[in-house]
Amino acid sequence: MPRKGLFFSRMKQPNIKSTLRRLFASILIVLFISIAIILFIFRNDINFSGISTQLTTLINILFSLTILSIIFVILFENKSPEKTTAWLLVLVFLPVIGLILYLFLGRNLRKQKMFTNKKLYNDLVTEDSEDYSDKYQSIPDNIFNKNRLVSLLRNNSKSELTFDNEINIYSDAANAFQKMLDCMEQAKKFIHLEYFSVSNDLTGNQLLRVLQRKAKEGIEIKFIMDGVGCFFLSQKYVRALKNYGVETAIFQKVFIPFINSKLNYRNHRKLTIIDGKIAFIGGFNIGDKYMSKSKYYGYWRDTQVQISGNAVTSIHKIFLSDWVFIKGDNLTTKKYLQNKLEEPLTIHQSTDCRGTIQISASGPDSNWASIMQAFFFSIANAKRKIFITTPYLVLNESLVSALITSALCGVEIKIIVPGIPDHLIVYWGTRSYFEQLLESGIRIFEYKKGFIHAKQMLVDSEIASVGTSNMDMRSFLQNFEVNIFLYDQSVIRILEKQFYLDLSVSEEINLELFRERNILKKSLESVSRLFSPLL
């Protein structure tokens, strides 16, 4: 049976998830009926002096049954133990707030239904990918664990290993943005963009003017924006794009951003593809604060990668899959995939493995947390050193254990995090891990020059990962992300040099001094860590 036919036949079979969905719908009906009864009573000022006790008892019973039913659903959803425990604690100790939070943030039952088509579109875009498994043996022996990481990414995210790419690293967001605009000005066929957040400010309007000029020239422009990240983007800005012929698509559009289940699944990818020949991928969004124009954040330190070569097709396929999911337009044509890898491959037998990279996309449309798995494998198998830069450090027990185990084995581990808060709960949640990590010998540094938003990991000077994924569970499990895994040692040396520059403007956390922090800070860390699996 064809793959798609088999998929649909499986979907028709009854399973526990469909049963749980019906149960959850019943819970909501009971809850809303209860609320309606209460509102009716208060609105009509009915006197229940004779039966007030019975009414109170009935309401308490209905509410308790609702909470117990949701606890039952949580247990049968088979979430991670720490996430299950966190939700149960919230529901027990904060039942009203916990119920509201779970209804709009905690449900995973809809995920399978929401992204069934997304999986099919992913398969549609990647179904003609070449099988290069017989050529992986040509990779130089010095590559990190040779083919194991390459095979992991190939199996968990269909990530093609590509060779002979030209890679440029930008450590300043403003410079990277200007370079991106310059490349757009040279576009001859199309410009495709995908960003989590776009602002109608000086930076946003700078991009708008370039896109308008290129659209006037007849260049095709398609722009994907996240429904939550761009919720406050003015319609005037969007209309200006459309009036000049720019096609826009809103990923997971929401009408009430903070009371909607789609809030839980964000498109956090940041991509620009120009003519299928040049791609940009990295951490910054489109807005003034990312260009160091915010008084609060000051200098914005980010990492952006420009790629030319075979890997551009891999990046472009991610955009095309997201576009067809939103708009239903199948763009998998030769017009867009003309640079698909062709035989023969030119594989350099050099110690630098020049231009060799993989592009890994992860998200709730996949059965595997591909980027997290790659991070876990890399950390657990490191031999000498691990350098991590991340704005958010919210880990599960597996990653904490991998980091601590590697540190206790003598691996040098250094982590740079921001010294100022971006999101308060995540900031304090990040600090809740410090003492445990510091005790194992891991060194943690807070960036002091401004705000560090770069997302990168370097292992043994043999591999590097740069992209959109933070070192947190939301990025790993709930957001749509994309990361580059680089094996080019000349590029890795550039990233390592920048890491040491970042260290020079960072302040190391001292374990003994950190233990002396006051009770308020400890409380904020503990409460934030309780909520961290839910973020």
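Up top is the structure these notes are about.
Everything in this summary refers to the structure shown in the same document. (Residues numbered from 1 in each chain as written. Predicted model: local features only at pLDDT ≥ 70, side-chain atom pairs only at ≥ 80, totals over all residues. Heavy atoms only, no water.)

1. Some thoughts on the sheet that holds strand 19 (residues 506-508)
Neighbouring strands of a sheet are bound in pairs by backbone hydrogen bonds; such pairs are parallel or else antiparallel. Applicable threshold: The criterion for strand pairing is that DSSP finds at least two bridges linking the strands in question. Helix numbers and strand numbers start at the N terminus; a helix is a DSSP run of H or I with at least 4 residues, a strand a run of E with at least 2. Contact between two residues is taken to exist if any of their heavy atoms lie within 4.5 Å; hydrogens are not considered. Axis definition: a line fit to C-alpha positions, over the contact stretch in the case of helices; interaxial angles, taken between N-to-C directions, run 0 to 180 degrees.
Across the sheet, which stays open at both edges, the 9 strands sit in the order 1-9-18-16-15-10-12-13-19 with mixed pairing between neighbours. Lying at the two open borders of the sheet, with one neighbouring strand each, are strand 1 (161-162) and strand 19. Along the sheet, helix 12 (residues 311-327) contacts strand 1, strand 9 (357-362) and strand 18 (481-486); its crossing angle with strand 9, the most-contacted strand, is approximately 5 degrees. Across the sheet, helix 13 (residues 370-380) lies against strand 9, strand 10 (385-389), strand 15 (456-459), strand 16 (463-467) and strand 18, angled at about 35 degrees from strand 18, the strand it touches most.

2. Description of the packing of helix 8 (residues 147-157) against helix 13
Using the following cut-off: For classification purposes, angles smaller than 35 degrees are called roughly parallel, those larger than 145 roughly antiparallel, those between 65 and 115 roughly perpendicular, and all remaining angles oblique. For any pair of crossing helices, the crossing counts as left-handed if the nearer helix is rotated counterclockwise from the farther one by less than a right angle, and right-handed if it is rotated clockwise. Side-chain classes follow a simple rule in which Ala, Val, Leu, Ile, Met, Phe, Trp, Tyr, Cys and Pro form the nonpolar group, Asp, Glu, Lys and Arg form the charged group, and the remainder, Gly included, forms the polar group.
The N-to-C vectors of helix 8 and helix 13 enclose an angle of 165 degrees; their axes lie 10 Å apart at closest approach. On the basis of their axis angle, the class for helix 8 and helix 13 is roughly antiparallel. As helix 8 runs across helix 13, the sense of the crossing is right-handed. Contacts between helix 8 and helix 13 involve R148, L149, L152, L153, N156 and S157 from the first element and S370, Q373, A374, F377 and S378 from the second. Here the contact of helix 8 with helix 13 is composed, by residue class, of 5 nonpolar, 5 polar and 1 charged.

3. Thoughts on the pattern of salt bridges
We apply this condition: The salt bridge criterion pairs a side-chain nitrogen of Lys or Arg with a carboxyl oxygen of Asp or Glu, the two atoms within 4 Å. Think of it in three bands: residues with accessible area under 20% of the maximum for their type are buried, residues over 50% are exposed, and the middle band is partly exposed, with areas taken using a 1.4 Å probe on protein chains only.
All chains considered together, the criterion is met by 16 salt bridges. Taking the shortest distance from any N to any O, the salt bridge between E160 and K317 comes out at 3.0 Å. With a gap of 157 residues between them, E160 in the loop between helix 8 and strand 1 and K317 in helix 12 connect regions that are remote in the sequence. Given a relative accessible area of 5%, K317 falls into the buried group. Salt-bridge contacts for E508 lead to R443; the nearest nitrogen and oxygen are separated by 2.9 Å. Within this pair, whereas E508 is found in strand 19, its partner R443 is found in strand 13 (residues 443-447), the two being separated by 65 residues in sequence.

4. A word on the pairing of strand 10
Every regular strand shows the same layout, with side chains that alternate between the two sheet faces. A large share of strand 10 lies buried, amounting to 5 of its 5 residues. Of the two faces of strand 10, the one holding K385, F387 and T389 and the one holding I386 and I388 are both buried throughout. Inspection of the sheet shows strand 10 paired to strand 12 (residues 412-418) by 5 bridges, in the parallel sense. Considered in strand 12, the bridge of T389 is made with I416.

5. A look at the environment of V466
Relative to the assigned elements, V466 resides in strand 16. Looking at V466, the relative accessible area reads 0%, which means it is buried. Sequence-wise, V466 and I169 are 297 residues apart; in three dimensions their C-alpha atoms are separated by 9.9 Å. Apart from residues no more than four positions distant in its own chain, V466 is found in contact with T303, V305, K455, Q456, N483, I484, L486 and L495.

6. Brief notes about the environment of A215
Along the chain, the position of A215 falls in helix 10 (residues 202-216). In this structure the C-alpha to C-alpha distance between A215 and G245, which are 30 residues apart in sequence, comes to 6.2 Å. Apart from residues no more than four positions distant in its own chain, A215 is found in contact with I221, Y244 and V246.

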